[in-house]
Amino acid sequence: MSTNNIAPLQIQTQLRKAAFYGCAICGCPILEYVHIVPYYNIQAFLPENMVALCPYHSMRYDLKEISESTLRSAKADPYNKVHQQDTFSISSQEMYVNVGKRIFVNTSRILVVDDFDIISIKREDGKYILFDINFFDKLNNLIAIVSENRWTAERGSREWSIMYKPRHLTIKNYSKNIIFDAEIKNNKEITITSAGMHYNGSPLRITENEILLNNDEIAIDLKGTELRNYEVGIAAETL
Ligand SMILES: [Zn+2]
């Protein structure tokens, strides 16, 4: 996080596209925008001095476990450029989002609680998946944010683990037992499950079959159905 002065959105977009929507080193879609020569030496957001990295590789660069020249070659030849099949993307015309056996098509705001967006999904450049996710703990502290795949965590990323295997993303917080999992299947459907997330102190859990708020199943009427072009997928209230 030390390099994580927030770059203007248009520079973030430029860096994300240049890296084919993944960490330049490993292809993980969850990103930080890192200065190659440190910001405090440059005092500017220069795209040529910046690169998209996952939180793990960003941390390793901070610790000088990755050299500047390695990073510059990764920027010039990012992982996803030569591993298109590994990218977190769905190239079919329609994207299906499966949340507890409710299927949403062309619906961006997937889960909204008390009018607050918890999980949203969209695609950029026709196929690359971008998440907005807000992670609250049970005391209603916002402890991590994914915003168009850009990662921000309150106390750095050390207690978080962001793992990526081709087409399968897992975000975990071990001390708070939070897990968010998103996997692409059949190149058209993305399945989301989660545990340990909260909003307004209420636990929120998504299994393969259920969506639970305060341990009660919600959106039962939508179960087993395919919903198209909804403004909001699942809207719930904590009270
Ligand atoms: Zn990485």
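Note that this is a predicted model, so its numbers are computed, not measured. Within every chain, residues take consecutive numbers counted from 1 along the sequence as written. Only residues with pLDDT of at least 70 get local features here, since the model is predicted, and only at 80 or more are side-chain atom pairs given and counted; chain-wide, interface and lining totals rely on the full set of residues.

1. A short note on the pairing of strand β14 (residues 202–206)
In β14, alternate side chains face the same way, and those of S202, L204 and I206 are buried while those of P203 and R205 on the opposite face are not. Whether two strands pair depends on DSSP finding at least two bridges between them. What counts as a helix is a DSSP run of H or I of at least four residues, what counts as a strand is a run of E of at least two, and both are numbered from the N terminus. Sheet topology places strand β13 (residues 189–199) next to β14; four bridges connect them, and they run antiparallel. Looking across to β14, one finds that S194 is bridged to I206. Counting the residues that bridge the hairpin from β13 to β14 gives two residues, and of these N200 lies at a positive phi of roughly 50°. In terms of strand pairing, β14 meets strand β15 (residues 211–213) through three bridges, oriented antiparallel. Residue pairing for β15: R205 is matched across the bridge by L212. Here β14 hands over to β15 after four residues, the two strands then running antiparallel side by side. To sort residues by exposure, count the other C-beta atoms lying within 10 Å of each residue's C-beta; 20 or more gives buried, 12 or fewer gives exposed, and values between give partly exposed, all with C-beta atoms placed from the backbone.

2. A few points about the nonpolar core
Nonpolar side chains tend to gather and get buried jointly when the protein is soluble and globular. Structurally, a nonpolar core is described as a collection of buried Ala, Val, Leu, Ile, Met, Phe, Trp, Tyr and Cys residues joined by way of C-beta atoms within 7 Å. With 63 residues, the main nonpolar core has I30, V51, A52, L53 and V99 as its most contacted residues. With seven residues, strand β7 (residues 128–136) is the single largest residue contributor to this core. Counting contributing residues, this core receives three or more from each of domain 1 (9–86) and domain 2 (96–236). Here the contact rule is simple: place C-beta atoms from the backbone, and any two residues whose C-beta atoms are within 7 Å are in contact. With sequence-adjacent residues up to four places away left out, L53 is seen in contact with C23, A24, I25, L31, E32, V34, S58 and Y61. Annotation comment: domain bounds sourced from an automatic or database domain assignment.

3. Regarding helix α1 (residues 9–18)
Residues Q12, L15 and R16 constitute the buried set of α1. Down the axis, α1 shows its buried residues gathered within 100° of arc, on one side only. Considering only its buried residues, α1 is in contact with β1 (32–35), β2 (50–53) and β9 (150–153). Where α1 terminates, the next one or two residues include F20, which has phi positive at roughly 55°. Throughout, the arc means that of the directions going from the helix axis to the C-beta atoms.

4. Structural notes on the environment of P29
Looking at the secondary structure, you find P29 in the loop between α1 and β1. For the pair P29 and P47, spaced 18 residues apart in sequence, the C-alpha separation works out to 19 Å. Setting aside residues no more than four positions away along its own chain, P29 makes contact with Y21, G22, F88, I129, N149, Y164 and L169.

5. With respect to the domain arrangement of the chain
Structurally, the chain comprises domain 1 (9–86) and domain 2 (96–236). Between the C-alpha centres of domain 1 and domain 2 the distance comes to 25 Å. Residue-level contacts link 16 residues of domain 1 with 14 residues of domain 2. Of all elements in the fold, only α1, β1 and α3 (55–62) reach the threshold of two or more residues within the side of domain 1 that touches domain 2. Examining the composition of the side of domain 1 that touches domain 2, we find that three residues originate from one element, α3, more than from any other.

6. Quick look at unusual backbone geometry
Negative phi values dominate among residues other than glycine, just as trans dominates among peptide bonds. Unlike most non-glycine residues, K101 shows phi in positive territory, near 70°. Here K101 is to be found in the loop between β3 (96–99) and β4 (102–105). For N149, which is not glycine, the phi torsion reads 75° and is therefore positive. Mapped onto the elements, N149 comes out in the loop between β8 (142–147) and β9.

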